[in-house]
Number of protein chains: 2
Amino acid sequence: MRKISKAVITRLPRYYRYLDELIQQDVERVSSKELSDMMNVTASQIRQDLNNFGGFGQQGYGYNVKYLYDEIGKLLGLDVTHKMIIVGAGNLGQAIANYGNFRNRGFEITALFDKNKDLIGKKTVNGTEIRDISTIIDYVKNENIEIVALALPKGPATDIAEKLVECGVKAFWNFAHTDLGFSDDIIVENVHLSESLMKLTYRISEKANKNK
Amino acid sequence: MRKISKAVITRLPRYYRYLDELIQQDVERVSSKELSDMMNVTASQIRQDLNNFGGFGQQGYGYNVKYLYDEIGKLLGLDVTHKMIIVGAGNLGQAIANYGNFRNRGFEITALFDKNKDLIGKKTVNGTEIRDISTIIDYVKNENIEIVALALPKGPATDIAEKLVECGVKAFWNFAHTDLGFSDDIIVENVHLSESLMKLTYRISEKANKNK
DNA sequence: TAGATTGTTAATCGATTAACAATC
DNA sequence: TAGATTGTTAATCGATTAACAATC
């Protein structure tokens, strides 16, 4: 299989979302042209993207919605369970824990961790316990945690992440305002909120300058 | 000025972040080569990117860190104040309101809105009041709000956004799990958390398959 | 002046779009 | 069978990298 580009991978979850909507509308089949109209991308691109992974469609028919949805789900690793913990039980950590759909899609959030004694053992978030961050290393080892969400400031996030890498964690969902500089075999998916907001304000100023 | 590509715009906040770190380390000048080593991009790309906007450097010297930082800040619209409200005062809305640095960077969060009577008028987040969502239209008109952050489920988010567009809002920071299908003069910056997480699990499965 | 490093042009690479034969 | 639409090759477009003259 040839190397899949980042651009293609970024589009997969979006296809998945639109297919989910079609399923909810009881739509059984869809052509690349129909999907292209809904999603504002070219039909050509949809067909190219999908054919990176295999022939999911059928000439003269199009794509079976449910089948394509399931296949993309498999590509995205949503057919297996992922054990995840959240480090940092502030608003952001709690928001992640509460993001309802995650559980339905095979994500199992087994614990949150924080250093705040007022939270540890005293509060649950969506039924999940908040544990003492000093116990995280043993926990991760024993529970075979696959994904660690980092919802705490960059200093402590970097420290914790380094320790966790040493004990075998291979995937981080990083909300801290820094790039964790690990080697390529450690997967880091960044969510840099402030950078997203800056893209927004860039576009605002760009528009303002145009109207001058 | 020629059309700036999305890829370039996405990189600007990242340059900005690294320059900020250099300032904090009292570094005065930096060459594209040095920056390229720090950031894992090519020096050529840095020079190309910056030259879309003007000659910020000096041959034989490199770039003055503070000057370049300020110039990129201006490009990103961070030299002016942006009035923003947050719709949805759940964990995510509160997390956004508490994201400390926003205020320092010229973002003024003037209110949160929610439909939950237990929150309205009863709680403040980082000093900001939670208001009744039924009052949002008048508020936005009177207060001249520029950016609306949508931190609520897709159904209500879509409804509210449509009403707000009618009364003149031009920019949304959208955390709802949907693409708001507005015309091009409405700026929408999406933060699709679940799609980010799926990119992560894609990479996990990809790696697992490779090792088979 | 010599050395360093930008700004910028040209070359390469990769991604998107167009076109159409294959085939359901 | 005829019509529709995919899968796939070829053409185009755009973004990244390389190279080097300009210049501080």
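Residues numbered from 1 in each chain as written. Chains lettered and ligands numbered in written order. Predicted model: local features only at pLDDT ≥ 70, side-chain atom pairs only at ≥ 80, totals over all residues. Heavy atoms only, no water.

## Structural notes on the layout of surface pockets
The volume enclosed by the second largest pocket comes to roughly 840 Å³. Tyr99 of chain A together with Ala151, Leu152, Pro153 and Lys154 of chain B are, among the 38 residues lining the second largest pocket, the residues nearest its centre. For the lining of the second largest pocket, the secondary structure elements donating two or more residues are helix H1 (6-24), helix H5 (91-98) and helix H6 (101-104) of chain A together with helix H5 (91-98), strand E5 (107-114), helix H8 (154-166) and helix H9 (193-210) of chain B. Among the elements that take part in the lining of the second largest pocket, H1 of chain A stands out by supplying six residues, more than any other. (1 Å grid on protein atoms, 1.4 Å probe; cavity = no way out; pocket = protein on both sides within 12 Å on 5 of 7 lines; lining within 4 Å. Points joined across faces, edges and corners; volume = space filled by probe spheres on them. Helix = DSSP H or I, 4+ residues; strand = E, 2+ residues; numbered from the N terminus.)

## Here we look at the UniProt feature "binding site: NAD(+)" (unreviewed entry) in chain A
Residue and element names in this part refer to chain A. Look at the UniProt record and you will see "binding site: NAD(+)" (unreviewed entry) annotated at Gly88, Ala89, Gly90, Asn91, Leu92 and Gly93. When you line up the elements, Ala89 lands in the loop between strand E3 (82-87) and H5. Discounting chain neighbours no more than four positions away, the residues touching Ala89 are Gln94, Leu112, Phe113, Asp114, Leu119 and Ile130. If you trace the backbone, Gly90 turns up in the loop between E3 and H5. (UniProt positions renumbered as here; feature names shortened; annotations may be inferred. Contact = heavy atoms within 4.5 Å.)

## A short note on the relation of the copies chain A and chain B
Superposition record for chain A on chain B: RMSD 0.0 Å, screw rotation 180 degrees, translation along axis 0.0 Å. Taken together, the turn and the small shift mark the pair as related by a two-fold rotation axis. Considering only C-alpha atoms, the part of chain A nearest the rotation axis is Asn91 of chain A, at 2.5 Å. Mapped onto chain B, 100% of the interface residues of chain A are again interface residues, and the two copies thus contact each other with one and the same surface. (Least-squares fit on C-alpha atoms with pLDDT ≥ 70 in both.)

## Focus on the domain arrangement of chain A
Each assigned domain of chain A is listed with its residue range as follows: domain 1 (6-75) and domain 2 (82-195). Between domain 1 of chain A and domain 2 of chain A, the C-alpha centre-to-centre distance is 32 Å. (Domains from an automatic or database assignment.)

## Section: the protein's contact with DNA strand D
The environment of DNA strand D is made up of 26 residues, and the closest members are Ser32, Gln48 and Gly57 of chain A together with Ser44 and Gln48 of chain B. Taken together, the sugar and phosphate atoms account for 57% of what DNA strand D places within 4 Å of the protein. Contact between DNA strand D and Gln45 of chain B: a sugar or linking oxygen at 3.2 Å from a side-chain N or O atom of the residue. Those elements that place two or more of their residues in the surface near DNA strand D are helix H3 (43-51) of chain A together with helix H1 (6-24) and helix H3 (43-51) of chain B. Broken down by element, the surface near DNA strand D gets its largest block of residues, four residues, from H3 of chain B. Looking at the surface near DNA strand D residue by residue, the classes come out as four nonpolar, 18 polar and four charged. (Near = heavy atom within 4 Å. Polar contact = N/O pair within 3.5 Å; in protein donor to acceptor, adjacent residues only side chain to side chain. Nonpolar A, V, L, I, M, F, W, Y, C, P; charged D, E, K, R; others polar.)

## Details of the protein's contact with DNA strand C
Neighbouring residues of DNA strand C: 26 residues in total, closest Ser44 and Gln48 of chain A together with Ser32, Arg47 and Gln48 of chain B. Here DNA strand C approaches the protein such that, of its atoms within 4 Å, sugar and phosphate make up 56%. Asn51 of chain B places a side-chain nitrogen or oxygen 3.1 Å from a phosphate oxygen of DNA strand C. Taking Phe56 of chain B, its main chain carries an N or O atom lying 3.3 Å from a phosphate oxygen of DNA strand C. Counting residues per element, the surface near DNA strand C draws most heavily on H3 of chain A, which supplies four residues. Its residues assigned to classes, the surface near DNA strand C shows four nonpolar, 18 polar and four charged.

## A word on the sheet that holds E5 of chain B
Residue and element names in this part refer to chain B. Spatial strand order, E6-E7-E5-E4-E8-E9-E10: seven strands in an open sheet with mixed pairing. In this open sheet, the two edge strands, each paired with only one partner strand, are strand E6 (124-125) and strand E10 (187-190). Where strand E4 (residues 82-87) lies against strand E8 (residues 147-150), four bridges are found, and the strand directions are parallel. Paired with Met84 across the strands is Ile147, a residue of E8. The sheet strands contacting H5 are E4, E5, E6 and strand E9 (171-174), and the helix crosses E5 at an angle near 160 degrees. (Pairing = 2+ DSSP bridges. Axes fitted to C-alpha atoms, helices over the stretch in contact; angles between N-to-C directions.)

## Side note on the interface of chain A and chain B
Opposite the 58 residues of chain A that make contact, chain B presents 58 residues. Between chain A and chain B the total buried area reaches about 5,500 Å² when both faces are included, carbon and sulfur atoms providing 62% of it. There are 12 salt bridges connecting chain A and chain B. Of the charged contacts in the structure, one is a salt bridge between Glu195 of chain B and Arg17 of chain A, with a shortest N-O distance of 2.6 Å. Run the count over chain A and chain B and you get 21 residue pairs in polar contact (both at pLDDT 80 or more). Elements supplying a minimum of two residues to the side of chain A that touches chain B: H1, E3, H5, strand E8 (171-174), strand E9 (187-190) and helix H9 (193-210) of chain A. Of the residues forming the side of chain A that touches chain B, the biggest block, 14 residues, is contributed by H9 of chain A. (Buried area = accessible area lost by both parts, 1.4 Å probe. Salt bridge = Lys/Arg side-chain N within 4 Å of Asp/Glu carboxyl O.)

## Considering the pattern of salt bridges
In a structure, side chains of opposite charge can pair up when their charged atoms sit close to one another. For the structure shown, the criterion picks out 28 salt bridges over all chains. Of the charged contacts in the structure, one is a salt bridge between Lys74 of chain A and Glu71 of chain A, with a shortest N-O distance of 3.1 Å. Within this pair, Lys74 of chain A and its partner Glu71 of chain A are both found in helix H4 (residues 65-75), separated by three residues, close to a single helical turn. Lys74 of chain A gets classed as partly exposed once you look at its relative accessible area, which sits at 44%. What makes Glu71 of chain A buried here is its relative accessible area of 15%. The salt bridge involving Arg11 of chain B is made with Asp49 of chain B; its shortest N-O contact spans 2.6 Å. Here the residue Arg11 of chain B occupies a position in helix H1, and Asp49 of chain B occupies one in helix H3, the gap between them amounting to 38 residues. (Buried < 20%, exposed > 50% of the residue type's maximum accessible area, 1.4 Å probe, protein only.)

## Regarding the nonpolar core
Of all hydrophobic cores here, the largest spans 107 residues; its most connected members are Ile72, Ile96 and Trp173 of chain A together with Ile72, Ile96 and Trp173 of chain B. Not counting residues up to four positions away in its chain, the partners in contact with Ile72 of chain B are Leu12, Tyr15, Tyr16, Leu19 and Leu50 of chain B. (Core = buried A, V, L, I, M, F, W, Y, C linked by side-chain atoms within 4.5 Å.)

## Regarding the packing of aromatic side chains
Residue and element names in this part refer to chain A. As enumerated under the stated definition, the model contains 12 aromatic pairs over all chains in all. Centroid distance Phe113 to Tyr139: 5.2 Å. Interplanar angle 70 degrees. Geometry classified as edge-to-face. Of this pair, Phe113 sits in strand E4 (residues 107-114) while Tyr139 is found in helix H7 (residues 136-143), placing the two residues 26 residues apart along the sequence. Taken as a pair, Phe113 and Tyr139 share a single burial class, namely buried. The ring of Tyr61 has Arg29 sitting right over it, with the charged end atom 4.7 Å from the ring centre. (Phe/Tyr/Trp six-rings, centres within 6.5 Å; stacked < 30°, edge-to-face > 60°. Lys NZ or Arg CZ within 6 Å of the ring centre and 35° of its normal.)

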